[in-house]
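Each chain is listed here by its residues.
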Amino acid sequence: MSPAAAAAAYGIDLGHALEVAVKCAELAAQVMRDVPRGLARTKAHPADVVTDIDVATEEAVRALLARTFPDHVVVGEELGGSADLDGGGPTWWCDPVDGTTNLASGLPWTSFSLALSVGRVPLVGVVGDPWRHEVLTARADGGAHQRRPDGSVVAVRASPVQTPEGQVVLTEWASHVPWPGMVELLEGLAGQHCTSRVMGSGTLAIASVGAGRAAGAVIGEFHPEDHLAALLLSAEAGAVVRDVAGRETRWPVPGPFSVAAPGVDAALRALLRPRPRMP
């Protein structure tokens, strides 16, 4: 189903949905300024942390979405939820703070992620960077844009670079450990004189490709609440998104996926090979 058909099937005005998503990103930045971080608490294991800001942000965003789109489903990183990807209606995917470990440590590299989809068809997405005071936006078949602190809006595009040499490719740990194939990827990048970075937010890693700030990014596993907004952004900005089998997609199957400027797509894919998944 095309994005236009998916939106029409549920009477979604994509322009209005995008503006609401931007308001959510602005609300998230306000919560980060106003709500004390509190003590970091653990979830699945000691390296999986959450703060009061994570929870307060998702609660505020859910309240705004419920008032505006009462028939839409919301799935969030902290408060959960579920969606029917094979026949369900509109779903919002929210990660209130991607990079919570950085936030808890006071490192200024975190982001807010919100995307709307119908099934596996992404329609709109926003990535808020509270430290840069910017919001990156995307609308299916409508391009990608940067909203600056002064209120101006400019289009963003993936980098025109043609080789990974001298460039930056971003990746992320699988929580606090390497994902299968990550070490080999880093070694391959080094062999091509390409610098790798692990900054602590998969959302910003992917969005940086769409914003033209990195030549590529590779993430070990796709989660829509974490990555869908940034993937839509990068694809609309002209980057190439591929799943573990090398297929172009906007909804990767399980396994490592890559996002690359067109000129380095082939080189990056040559370094990424499917590996057995960790138990």
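Structure: above.
What you see is a predicted model, and the numbers here were worked out from it, not measured in a lab. (Residues numbered from 1 in each chain as written. Predicted model: local features only at pLDDT ≥ 70, side-chain atom pairs only at ≥ 80, totals over all residues. Heavy atoms only, no water.)

Peer 1: What exactly am I supposed to notice about the overall build of the protein here?
Peer 2: Each helix and strand counted, the protein has 8 helices and 14 strands in total. The C-alpha atoms of the protein give a radius of gyration of 18 Å, which matches the 19 Å a tight globule of 279 residues would have. Across its three principal directions, the C-alpha atoms of the protein cover 50 × 45 × 45 Å. When burial is assessed residue by residue, the protein has 53% of its 279 residues classed as buried. Summarising the internal contacts of the protein: among those between residues at least 6 apart in sequence, 60% fall at separations of at least 24. Of the side-chain charges in the protein, 22 are positive and 31 negative, and the distance between the mean point of each set is 4 Å. (Helix = DSSP H or I, 4+ residues; strand = E, 2+ residues; numbered from the N terminus. Rg over C-alpha atoms; globule rule 2.2 N^0.38 Å. Buried < 20%, exposed > 50% of the residue type's maximum accessible area, 1.4 Å probe, protein only. Contact = heavy atoms within 4.5 Å. Lys, Arg positive; Asp, Glu negative; His and termini not counted. Charge placed at Lys NZ, Arg CZ, Asp CG, Glu CD.)

Peer 1: Please clarify how the side chain of serine 201 should be interpreted in this entry.
Peer 2: Along the chain, serine 201 falls in the loop between strand 11 (195-198) and helix 6 (202-210). Side-chain polar atoms of serine 201 contact the side chain of aspartate 98, separated by 2.7 Å. Side-chain polar atoms of serine 201 contact the side chain of serine 111, separated by 3.1 Å. If near-sequence neighbours (up to four positions away) are discounted, serine 201 is found in contact with Asp98, Gly99, Trp109, Ser111 and Glu172. (Polar contact = N/O pair within 3.5 Å; in protein donor to acceptor, adjacent residues only side chain to side chain.)

Purely geometric stuff here, so don't read any function into it on its own.
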